[in-house]
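What the coordinates show
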Amino acid sequence: MLGNMINKGRIKSPWVVHFDCGSCNGCDIEVLACLTPIYDIERFGIINVGNPKHADVLLVTGTVNQRNKHVLKNIYDQMPGPKAVIAIGACGCSGGVFREAYNVVGGVDQVIPVDVYVPGCPARPEAIIDGVVAALEKVKTLLGMTA
Amino acid sequence: MTKIIIAILALVLAPIAGALISGVDRRVTAWLQSRYGPPILQPFYDVLKLLGKEPMVTNTWQALCAYVYVVGAALSVVLLFTGSDLLLIFFVLTVGAVFLVMGALASPSPYSQIGGQRELLQMLAYEPLLILVFAAIAMVTGSFKVSAVFELSRPMLYDIPLMFIVLGYALTIKLRKSPFDISACHHAHQELVRGVYTEYSGPYLAMIEIAHWYEVILVLGLCGLFWSTSVVGMIVLVVLTYLAEIIVDNVTARLTWRWMLKSAVGMGVVLTIINMLWLYAQ
Ligand code: SF4
């Protein structure tokens, strides 16, 4: 029974930590827009925590390059499991317009496993919220929950 | 026998009530910011999730500190509800708070170091205030026992109204609400990441969260003592105080620790002296 309650908690309270891998700042601002009263993601129990040790979901925006891939990996490793990663924006998904640049590694999935991709340049706040919901659906099927 | 039953009830019901109050707090805060806000049960979901997370500690000392903190908070609630000594409650509470800080200082992370030191400063600000309030209660009742408060024929608020303000000040610092969310803050914009809580994660963070629920109940219980003659009066007083806390939390910005220390101790001493003189003059 306790296991069931814990699973319910996992679905209802995804705390996000937000890491910006050198994006143009467009996707970044859209992520923060989700926190504003218009979109108010706190009503789904989502809190933006600044600390990977408290977070369940890692939101990554921007292109991964040779410099920040270590930082990204480090942040990912510091998050206690179970955890999910969401790549946001064209840059996060594949490298976007910066894909051909000499220092760019590519999408987030080149460095850490990504669960959900949210495309767009920039990704709309609605799409980001959908992305978090999709990640939760994935968690639900993994946990074998039906409701 | 009745004391044991009361103790067990306090142990079980206090965190549940504390969590519900935290949920209502978040809802009211959201409403003040014209948002919809999370469900009232949100604090339960958060803690359940944290309990189910992989335990990760930088050293074992830290885990021990989290447990001592929650035991300290729970014990002080039990002591309050069994009508024990106010000074004993104060010491137990302080031991818990000191362990929280020690856990934060046990890791070399600069965020938790600064958070721990700011928490110490916060303790330095609210502990003298609490002692002054307890001393004033003892002057009215003639004893440090909580049970002695319930033998009064009229509410303490008539005799020591200014001490209630001092207590409110101490509570805002103790609950780490704005303008005194100096050592730890979970709002979107965070300068300290999470201050004292930075290095606690997963189940240990859940322990700290539960300890916080106990503290909310302890703090509100102390407020309730000021209208000990009627249950309705107690509830009204507690609800009004907490509502005022939430509103203050929402309309103020964070202040510096220097200002906190100066204003808290300065104001506390002045209000206490006025109140004591008044008590003597009566
Ligand atoms: S996807 Fe577009 S908006 Fe987002 S970071 Fe890349 S360039 Fe900027």
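Conventions used here
- Residues numbered from 1 in each chain as written.
- Chains lettered and ligands numbered in written order.
- Predicted model: local features only at pLDDT ≥ 70, side-chain atom pairs only at ≥ 80, totals over all residues.
- Heavy atoms only, no water.
- Helix = DSSP H or I, 4+ residues; strand = E, 2+ residues; numbered from the N terminus.
- Rg over C-alpha atoms; globule rule 2.2 N^0.38 Å.
- Buried < 20%, exposed > 50% of the residue type's maximum accessible area, 1.4 Å probe, protein only.
- Contact = heavy atoms within 4.5 Å.
- Near = heavy atom within 4 Å.
- Nonpolar A, V, L, I, M, F, W, Y, C, P; charged D, E, K, R; others polar.
- 1 Å grid on protein atoms, 1.4 Å probe; cavity = no way out; pocket = protein on both sides within 12 Å on 5 of 7 lines; lining within 4 Å.
- Points joined across faces, edges and corners; volume = space filled by probe spheres on them.
- pLDDT = per-residue confidence, 0-100.
- Pairing = 2+ DSSP bridges.
- Core = buried A, V, L, I, M, F, W, Y, C linked by side-chain atoms within 4.5 Å.

**Notes on the overall build of chain B**
Within chain B one finds 10 helices and 0 strands. Starting at the N terminus, the α and β elements of chain B follow one another as α-α-α-α-α-α-α-α-α-α. Relative to the 2.2 N^0.38 estimate, which gives 19 Å for 282 residues, the radius of gyration of chain B is 19 Å and therefore close to what a compact globule would have. Principal-axis analysis of the C-alpha atoms places the extent of chain B at approximately 60 × 45 × 40 Å. A total of 282 residues make up chain B; the buried ones form 56% of that total. Taking contacts inside chain B between residues at least 6 apart in sequence as the whole, the part at least 24 apart equals 77%.

**Let's talk about the site of the ligand**
All names here are of chain A. Neighbouring residues of the ligand: Ser23, Cys24, Gly26, Cys27, Gly89, Ala90, Cys91, Gly120, Cys121 and Pro122. For the shell around the ligand, the secondary-structure elements that each account for two or more residues are helix H2 (26-33) and helix H4 (89-94). With 3 residues, H4 is the single largest residue contributor to the shell around the ligand. Taken together, the residues of the shell around the ligand break down into 6 nonpolar, 4 polar and no charged.

**A short note on the layout of surface pockets**
Residue and element names in this part refer to chain B. Approximately 570 Å³ is the volume attributed to the second largest pocket. What lines the second largest pocket is a set of 21 residues, and nearest its centre among them are Leu220, Gly221, Met234, Ile235 and Val238. Contributions of two or more residues to the lining of the second largest pocket are made by helix H1 (2-32), helix H3 (60-81), helix H8 (202-224) and helix H9 (231-251). For the lining of the second largest pocket, the leading source of residues is H9, giving 8 residues.

**A short note on the confidence of the model for chain B**
Residues and elements named next belong to chain B. Looking at chain B as a whole, the pLDDT averages 87, with 98% of positions reaching at least 70. Looking at the elements of chain B, mean pLDDT is at its lowest for helix H6 (residues 146-149), recorded as 85, and at its highest for H3, recorded as 91. Interface confidence for the predicted complex, given as ipTM, is 0.87, next to a pTM of 0.90.

**Some details on the pairing of strand E1 (residues 16-20) of chain A**
As paired strands, E1(A) and strand E2 (residues 57-61) of chain A are joined by 5 bridges and run parallel to one another. Among the inter-strand pairings, A:Val17 is bridged to a residue of E2(A), identified as A:Leu58.

**Things to note about the nonpolar core**
In this structure, A:Leu58, A:Leu72, A:Val108, B:Ile137 and B:Phe226 are the most contacted members of the largest nonpolar core, which totals 103 residues. Broken down by element, the residue count for this core peaks at 16 residues, all from H8(B). Setting aside anything within four residues of it in sequence, one finds A:Leu72 in contact with A:Phe19, A:Cys21, A:Leu58, A:Val60, A:Val64, A:Val108, A:Val111 and A:Ile112. Formed by 17 residues, the second largest nonpolar core is a distinct cluster that contains A:Cys27, A:Val57, A:Val118 and A:Ile129.

**Describing empty space enclosed by the protein**
Summary: where empty space remains is shown by rolling a probe the size of a single water molecule over the atoms. Summed over all chains, the structure comprises 3 cavities of 30 Å³ or more. The computed volume of the largest cavity comes to approximately 70 Å³. Along its surface, the largest cavity is lined by A:Val16, A:Val31, A:Cys34, A:Leu35, A:Ile41, A:Ile46, A:Leu59, A:Ile128, A:Ile129 and A:Val132. For the lining of the largest cavity, the element with the highest residue contribution is helix H5 (residues 125-143) of chain A, accounting for 3 residues. Looking at the lining of the largest cavity residue by residue, the class counts come to 10 nonpolar, no polar and no charged. A volume near 40 Å³ is recorded for the second largest cavity. Lining of the second largest cavity is provided by B:Leu93, B:Tyr126, B:Leu130, B:Ala170, B:Leu171, B:Lys174, B:Val219 and B:Leu222. Where the lining of the second largest cavity is concerned, the elements lending two or more residues are helix H5 (110-141), helix H7 (161-174) and H8 of chain B.

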